[in-house]
Amino acid sequence: MSETVLQLTGIEKVYNRGAPNEVHVLRGADLTVKRGEVVALVAPSGAGKSTLLHIAGLLDTPDAGTVDIGGQSMQGRSDRKRTAVRRSDVGFVYQFHHLLPEFTALENIVLPQLANGVARGAADDRALELLDSVGIKDRASHRPGALSGGEQQRVAFCRAMANTPKLLLADEPTGNLDPETSDRVFGALMRLVRETGLSALVATHNLELAGQMDRRIRLDGGYLRQD
Ligand code: ADP
């Protein structure tokens, strides 16, 4: 049987419970992502995609339900353990790159490795290899402000991959780019994911991009449904 990298079971999330502005975003969402699988999470804005990704990536906790990453249950784990698993096993990409402006592209990819205990020399080598794989090794010493939107997002992909995660979570990763750049940048992301055999859950409302992934799930009324 192929290895399960992410398992969500019965995930519920309510914001402002009991208040007039209560929002029941997730009502029992179930999802299994296997090793090497790239899954599109398709839903309109406001449906709860970011909420689901944050819960899957251990940045938020559900009100009910369980999250397993790499076969390990995260139920009842300490914050310290959750942070360690997030650092080593999960990579995040957001719609806006969120790179640190005062550091170079290379340094932005090196920093999460140092936080994970990697030595500087090895972290530099890994960062350069990743930049090379997305075709922008020559931009290594540029700060984010001196990069184009597409280049910034490629650096953000490399940063997400820096610690060789098991799972990549991406929230509208090309939503901020023009269509042509979006296609190229998404192509670079997919190559990187495929080369490393990584599993990915990618939120998008771009159906063309969703069509290039292994399967599509819809977030609808707080539940996940296979398309
Ligand atoms: P999406 O990523 O699909 O656009 P979100 O997960 O960001 O959806 O939001 C889902 C719903 O939950 C929205 O109605 C949003 O306003 C609400 N929401 C998100 N975060 C919070 C929060 N921290 N407090 C209250 N409501 C929230």
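Quick summary incoming for the structure in this document. Fair warning: this is a prediction, and the values are worked out from it, not measured in the lab. (Residues numbered from 1 in each chain as written. Predicted model: local features only at pLDDT ≥ 70, side-chain atom pairs only at ≥ 80, totals over all residues. Heavy atoms only, no water.)

Quick look at the overall build of the protein chain
Line of reasoning, step 1. Secondary structure summary: the protein chain contains 7 helices and 10 strands in total.
Line of reasoning, step 2. Taken against the 2.2 N^0.38 rule, which gives 17 Å for 227 residues, the C-alpha radius of gyration of the protein chain at 17 Å falls within 12% of a compact globule.
Line of reasoning, step 3. Taking the principal axes of its C-alpha atoms as reference, the protein chain extends roughly 50 × 40 × 40 Å.
Line of reasoning, step 4. For the protein chain, with 227 residues in total, the buried portion stands at 46%.
Line of reasoning, step 5. In the protein chain, the share of contacts with a sequence separation of at least 24, taken over all contacts with a separation of at least 6, comes to 70%.
Line of reasoning, step 6. When the accessible surface of the protein chain is summed, it comes to about 10500 Å², and 47% of that surface belongs to carbon and sulfur atoms. (Helix = DSSP H or I, 4+ residues; strand = E, 2+ residues; numbered from the N terminus. Rg over C-alpha atoms; globule rule 2.2 N^0.38 Å. Buried < 20%, exposed > 50% of the residue type's maximum accessible area, 1.4 Å probe, protein only. Contact = heavy atoms within 4.5 Å. Areas by Shrake-Rupley, 256 points an atom, 1.4 Å probe, with all protein chains shown as cover.)

Comments concerning the site of the ligand
Line of reasoning, step 1. Around the ligand, the structure places Tyr15, Asn16, Val25, Pro44, Ser45, Gly46, Ala47, Gly48, Lys49, Ser50 and Thr51.
Line of reasoning, step 2. Within the backbone of Ala47, one N or O atom sits 3.2 Å away from an oxygen atom of the ligand.
Line of reasoning, step 3. Separating an oxygen atom of the ligand from a side-chain N or O atom of Ser50 is a distance of 2.8 Å.
Line of reasoning, step 4. Bound to the protein, the ligand loses 60% of the 570 Å² it would expose on its own.
Line of reasoning, step 5. The element that contributes the greatest number of residues to the shell around the ligand is helix α1 (residues 49–56), accounting for 3 residues.
Line of reasoning, step 6. In terms of residue class, the shell around the ligand is made up of 4 nonpolar, 6 polar and 1 charged. (Near = heavy atom within 4 Å. Polar contact = N/O pair within 3.5 Å; in protein donor to acceptor, adjacent residues only side chain to side chain. Nonpolar A, V, L, I, M, F, W, Y, C, P; charged D, E, K, R; others polar.)

As for the sheet that holds strand β2 (residues 23–34)
Strand pairing in a sheet relies on backbone hydrogen bonds. The paired strands run either parallel or antiparallel.
Line of reasoning, step 1. Strand order in the open sheet formed by 4 strands is β2-β1-β4-β5, with antiparallel pairing between adjacent strands. Each having just a single partner strand, β2 and β5 (72–73) make up the two edges of the open sheet.
Line of reasoning, step 2. Where strand β1 (residues 4–15) lies against strand β4 (residues 64–69), 5 bridges are found, and the strand directions are antiparallel. Each residue of the ladder has a partner; that of Thr9, found in β4, is Thr66.
Line of reasoning, step 3. The sheet strands contacting α1 are β1, β2 and β4, and the helix crosses β1 at an angle near 125°. (Pairing = 2+ DSSP bridges. Axes fitted to C-alpha atoms, helices over the stretch in contact; angles between N-to-C directions.)

Notes on helix α4 (residues 120–133)
Line of reasoning, step 1. Under the 1.5 Å per step criterion, the end-to-end length of α4 is 20 Å for 14 residues, consistent within 8% with the ideal 20 Å.
Line of reasoning, step 2. The set of residues buried in α4 consists of Ala123, Arg126, Ala127, Leu130 and Leu131. Seen end-on, α4 carries its buried residues on one side only, within an arc spanning 135°.
Line of reasoning, step 3. Contacts from the buried residues of α4 go to α3 (105–115), α5 (149–161) and α6 (179–196).
Line of reasoning, step 4. Looking one or two places after α4, you find Gly135, whose phi comes out positive at around 80°. (Expected span 1.5 Å × (residues − 1). Arc of directions from axis to C-beta.)

Examining the packing of α3 against α4
Line of reasoning, step 1. Running from N to C, α3 and α4 cross one another at 130°; their axes reach a closest spacing of 9 Å. Classed by the angle they form, the pair α3 and α4 counts as oblique. The element α3 and its partner α4 pack so that their crossing is right-handed. Mapping the contact onto sequence places Leu106, Glu107, Ile109, Val110, Gln113 and Leu114 in α3 and Arg120, Ala122, Ala123, Asp124, Arg126, Ala127, Leu128, Leu130 and Leu131 in α4.
Line of reasoning, step 2. Taken together, the residues of the contact of α3 with α4 break down into 10 nonpolar, 1 polar and 4 charged. (Parallel < 35°, antiparallel > 145°, perpendicular 65-115°, else oblique. Left-handed = near helix turned anticlockwise from the far one by under 90°.)

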